[in-house]
Amino acid sequence: MPPQPAKNTATFIALALFAECFIIYASVLVKLTDMPPINLGFYRIMFALPIFWLMAQTKSKSNLFSLPLKDMALMLLAGVFFAFDLLFFNIALRHTSVANVNLFASLACFILMPIGILFFKEKFKKSLLFGGIVAFLGVCLLVGGKGELSVASGYGDFMAFLSVLCYSGFLAVIYSLRRKYGTLQIMFFACIGSSFMLFILMCVFEGFVLPKGAKDWGIIVLIALCGQVIGQGFFSFILGKLDSQMASLLLLFSPIIAALMGFFLLGEHLGIFEILGIGIIIFGVYLAKREHY
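Residues numbered from 1 in each chain as written. Predicted model: local features only at pLDDT ≥ 70, side-chain atom pairs only at ≥ 80, totals over all residues. Heavy atoms only, no water.

## Considering the overall build of the protein chain
Counting secondary structure elements, the protein chain contains 12 helices and zero strands. Along the chain direction, N to C, the helices and strands of the protein chain fall in the order α-α-α-α-α-α-α-α-α-α-α-α. Taking 293 residues into account, the globule formula puts the C-alpha radius of gyration at 19 Å, and the protein chain, at 18 Å, falls close to it. Principal axes of the C-alpha set define a box for the protein chain whose edges measure 50 × 45 × 25 Å. Relative to its 293 residues, the protein chain shows a buried fraction of 55%. Restricting to contacts in the protein chain with at least 6 residues of sequence separation, those with at least 24 account for 92%. (Helix = DSSP H or I, 4+ residues; strand = E, 2+ residues; numbered from the N terminus. Rg over C-alpha atoms; globule rule 2.2 N^0.38 Å. Buried < 20%, exposed > 50% of the residue type's maximum accessible area, 1.4 Å probe, protein only. Contact = heavy atoms within 4.5 Å.)

As structure tokens, this is what we get:
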């Protein structure tokens, strides 16, 4: 399933940013509960799994489990990558700011670009690389501008870095599969792989923990719906419509959305340097997109 023509690009970019808003909103919600990080990831996937199964089964004209074993294994592998992403991501959010976590998430852009060129034979575009570097400088300014007001820590930032490595693996596998399969099929099997891995990790490191009350249950349901079903579901859909370089470049918008949500929902600081960084990010993405299609 090749990337779509340029006339649809603006629509798909808008959908990607829409998906990022929900993904990052889910990361804000993680800060509002004391649930252990692996348990939280497990519940997130388990609530999303039946939704993806129902939608995939409704749309599919054949048995979901009739796929070639190799492709099914790749979908499960994507889920394993995502399980470790959730593990490190949830830990990071307890030890650093929402903006810092999403700073590292934006680094996936520079991991996926060479993957697309080397493994998917995509054409290298200098304008995209230049625009990406300009945008990333804006990201550094956005996050670095917090100075002493930041709630970041070295440990939290390291967990965020491990998270982005796993997330990049997840996106790369999803991108390869979207050429042959629909989003719902892929996300269903990815959720199976994630839930299996998170269950093992949960049993070994945390044990099974029930949410404390209605507040925690509500937050978990919102995280599953916003972060997994809507956010990751839509972004996986986009990976079949844009090439990996353009899709990954859009991840550079994550720190902007995170900073704004952190400011409005969590009271995190947002000053002149952060606003300047936001402007530079937008300009960098504009430079990259202008010559991209």
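## So, helix H5 (residues 108–119)
For H5, built from 12 residues, the straight-helix expectation of 16 Å at 1.5 Å per residue is met to within 8% by its first-to-last C-alpha distance of 16 Å. Every buried residue belonging to H5 is among Ala 108, Cys 109, Leu 112, Met 113 and Gly 116, and all of these are buried. The buried side chains of H5 occupy one side of the element, clustering within an arc of 130 degrees when seen end-on. Away from the buried face of H5 by more than 90 degrees, exposed residues Leu 118 and Phe 119 are located. (Expected span 1.5 Å × (residues − 1). Arc of directions from axis to C-beta.)

## Focus on a nonpolar patch on the surface
A contiguous nonpolar patch, built from Phe 47, Phe 208, Leu 210, Trp 217, Val 221 and Leu 225 and spanning about 530 Å² of accessible area, is present on the exposed surface. Per-element tally for the nonpolar patch: the top contributor is helix H9 (residues 214–238), with three residues. Its location among the elements puts Trp 217 in helix H9. Classification of Trp 217 by relative accessible area gives partly exposed; the value is 34%. (Patch = residues over 30% accessible without salt bridge, like charges linked within 9 Å, V, L, I, M, F, W, Y side chains within 5 Å. Areas by Shrake-Rupley, 256 points an atom, 1.4 Å probe, with all protein chains shown as cover. Salt bridge = Lys/Arg side-chain N within 4 Å of Asp/Glu carboxyl O.)

## Examining the packing of helix H3 (residues 69–93) against helix H7 (residues 154–177)
Following both chains from N to C, one finds H3 and H7 inclined at 160 degrees, their axes separated by 7 Å at the closest point. The orientation of H3 relative to H7 falls into the category roughly antiparallel. Where H3 crosses over H7, the two elements pack in a sense that is left-handed. Of the residues belonging to the contact of H3 with H7, the class tally is 20 nonpolar, three polar and two charged. (Axes fitted to C-alpha atoms, helices over the stretch in contact; angles between N-to-C directions. Parallel < 35°, antiparallel > 145°, perpendicular 65-115°, else oblique. Left-handed = near helix turned anticlockwise from the far one by under 90°. Nonpolar A, V, L, I, M, F, W, Y, C, P; charged D, E, K, R; others polar.)

## Considerations on the side chain of Asn 39
Within the secondary structure, Asn 39 is located in helix H2 (residues 37–59). Within polar-contact distance, the side chain of Asn 39 engages the side chain of Glu 206 at 2.8 Å. Setting aside residues up to four positions removed in sequence, Asn 39 forms contacts with Met 202, Glu 206, Gly 207, Phe 208 and Val 209. (Polar contact = N/O pair within 3.5 Å; in protein donor to acceptor, adjacent residues only side chain to side chain.)

## Notes on the pattern of salt bridges
Inspection of every chain in the model, using the stated rule, returns one salt bridge. The partner of Asp 71 in a salt bridge is Lys 180, and the shortest N-O contact between them spans 2.9 Å. Note that Asp 71 is positioned in helix H3 and Lys 180 in the loop between H7 and helix H8 (183–205), a separation of 109 residues in sequence. Judged by its relative accessible area of 57%, Lys 180 falls in the exposed class.

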